[in-house]
Amino acid sequence: MIISPQFKKNILKAVLKYGTPSYIYSKDILEDNIYKYKKSFRDVNVLFCYALKANSNRVLLKIISKNGFGADVVSIGEMLSALSSGFDKKKIIFSGVGKTYEELSVAADKEILFINVESFEELKVLSKISVLKNKNIGFSIRINPNVDPHTHKYISTGKYGSKFGVSAKEAFEMYKWAKKNKFLVPIAVHFHLGSQIFKYEAYLQAFLKVEQLIKKLKCLGINIRIIDLGGGWGVKEGEVMTPPDKLAAFLSTKKENYSFIMEPGRSIVSSCGFFVVKTLYRKKSGVRQIVITDGGMNDFVRPSLYGARHPVINLNGSNSIVNNFIDIYGPVCESGDFLAKNVNMKVPDRGNLLCFLSAGAYGYSMSSNYNLRRKPAEILVSGKDIKLIRKRQNYEDFLEN
Ligand code: LLP
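Residues numbered from 1 in each chain as written. Predicted model: local features only at pLDDT ≥ 70, side-chain atom pairs only at ≥ 80, totals over all residues. Heavy atoms only, no water.

### Thoughts on unusual backbone geometry
Logical step 1: Of note, the amide linkage connecting Thr20 to Pro21 takes the cis form, showing an omega dihedral of -5°.
Logical step 2: Secondary-structure assignment places Pro21 in the loop between helix H1 (5-18) and strand S1 (22-26).
Logical step 3: Of note, the phi angle at Ser358 is positive, near 55°, even though the residue is not glycine.
Logical step 4: Tracing the sequence through the fold places Ser358 in the loop between strand S15 (353-356) and strand S16 (377-382).
Logical step 5: Even without being a glycine, Leu372 presents a positive backbone phi close to 50°.
Logical step 6: Locating Leu372 in the fold gives a position in the loop between S15 and S16. (Helix = DSSP H or I, 4+ residues; strand = E, 2+ residues; numbered from the N terminus.)

So, in structure tokens, the structure goes:
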């Protein structure tokens, strides 16, 4: 992924004004990712429901909703945020294995497109709510198709043994049971295999299993015409998304029979985000060259949690490759608090600004106040315009609660 000198200048300007650690987003790259999805799937009837968990900054949400996207939410917080950021309620779906009675009830009141049910017991709770409210509730059932998406074990969800979804066999019984309640309206069948999936064949295998289920349901008089293929399309750190053209081509062979939902999160926002930290101190630990920065695992946890390697560039120092391997750590009191290890780069000077690429997804949204550190600022760059879109937290925020 190439960053233009002008954009690099803007990142520098932004952090000089708003400080570090900060997340900087490019509106152009965000819109380009949205456009790529629309272009790949132009031949099929598809609703894109952006997965808010990847990044729920409301300025970014407004850009995404303005482009006609729906939303995939997993909590009432995300649902309210989506509704107030311009997403049409009839384009919102609510997923998650552990929705509480209260959450299901709020979702029913908001009349969203559908609730994605993940267990028989949840379906029974939803049924009770629909009767008590005397109200139709749209639902889908999440199938675990037992397909291996070949990704990191923490973000793999579509194999038996995972907590997500139910088998196709159980889903059949659930749709059949739900038929007894006129308020439960079956809208779709859903699967989501995991995240960082690079091979479209995994979607294809799951799709064919879901299609068999839909055919069986037809025999019971249950007609489902929407297949929700979840999210998960991968983007390598430091690269832009390869458009999911092959998946789109496959879906277009099925377009007479179905319409589709996709729930992309990472592939929409990853490449548009940059996480910038400042070099504080350098030292040696045995043979290792250690660099300590002002941003840590509480701000950006992906390297520590998943071993993700996000490329890093020095914004105001040398980027020459010098066969010198450094480890970049944060200030948090844990040995696992690193941003990158074994990076081939010249030791940055104190004060040098280090910029981690592909930090737009699961960066800020997974940040925490661990060590009572403030959450970073978020800034949007659009052409020459540099706008603060979320303030750095105040210390007062901790003291007030
Ligand atoms: N739909 C459902 C039901 C999901 O659980 C997820 C992500 C998505 C859609 C969006 O998937 P995406 O297109 O972003 O891959 N924190 C991890 C990723 C966790 C993904 C959780 N579910 C990471 O930083 O790699």
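Next comes the rest of the write-up.
### Let's talk about the packing of aromatic side chains
Logical step 1: All told, the structure shown has 17 aromatic pairs when counted by the stated rule.
Logical step 2: Between the aromatic rings of Phe120 and Trp177, the centroid separation amounts to 5.8 Å while the plane-to-plane angle is 80°, which identifies the pairing as edge-to-face. Here Trp177 lies in helix H7 (residues 168-178) and Phe120 lies in helix H6 (residues 120-133), a separation of 57 residues in the sequence.
Logical step 3: Trp177 sits in the partly exposed class, given a relative accessible area of 25%.
Logical step 4: Pairing Phe207 with Phe250 gives two aromatic rings, centres 5.2 Å apart and planes at 90°, and the pair type is edge-to-face. In this pair, Phe207 is assigned in helix H8 (residues 200-219) and Phe250 in helix H9 (residues 245-252), connecting sequence segments 43 residues apart. There is no split in this pair, since Phe207 and Phe250 are both buried.
Logical step 5: In textbook terms, an aromatic cluster arises when at least three aromatic residues are bridged by ring pairs, as seen for Tyr23, Tyr25, Phe275, Phe300 and Tyr364.
Logical step 6: The cationic tip of Lys99 hangs over the ring face of Phe94; the distance from NZ or CZ to the ring centre is 5.7 Å.
Logical step 7: We note Lys236 situated over the ring of Phe198; from NZ or CZ to the ring centre the distance is 4.7 Å. (Phe/Tyr/Trp six-rings, centres within 6.5 Å; stacked < 30°, edge-to-face > 60°. Buried < 20%, exposed > 50% of the residue type's maximum accessible area, 1.4 Å probe, protein only. Lys NZ or Arg CZ within 6 Å of the ring centre and 35° of its normal.)

### Regarding the domain arrangement of the protein chain
Accessible area lost when the parts come together is the quantity often used to give the size of an interface.
Logical step 1: Examined at the domain level, the protein chain breaks down into domain 1 (5-9 + 271-394) and domain 2 (27-265).
Logical step 2: Computed over C-alpha atoms only, the centres of domain 1 and domain 2 are separated by 33 Å.
Logical step 3: At the junction of the two partners, domain 1 supplies 23 residues and domain 2 supplies 20 residues.
Logical step 4: When the two sides are added together, the surface that domain 1 and domain 2 hide from each other amounts to roughly 1,800 Å², 58% of it contributed by carbon and sulfur.
Logical step 5: The interface formed by domain 1 and domain 2 holds one salt bridge in total.
Logical step 6: Along the contact surface separating domain 1 from domain 2 lie 10 residue pairs in polar contact (both at pLDDT 80 or more).
Logical step 7: Every element with two or more residues in the side of domain 1 that touches domain 2 is listed here: helix H11 (302-306), S16 and strand S17 (385-390).
Logical step 8: In terms of residue count, S16 provides more of the side of domain 1 that touches domain 2 than any other element does, four residues in total.
Logical step 9: Residue composition of the side of domain 1 that touches domain 2, by class: 12 nonpolar, seven polar and four charged. (Domains from an automatic or database assignment. Contact = heavy atoms within 4.5 Å. Buried area = accessible area lost by both parts, 1.4 Å probe. Salt bridge = Lys/Arg side-chain N within 4 Å of Asp/Glu carboxyl O. Polar contact = N/O pair within 3.5 Å; in protein donor to acceptor, adjacent residues only side chain to side chain. Nonpolar A, V, L, I, M, F, W, Y, C, P; charged D, E, K, R; others polar.)

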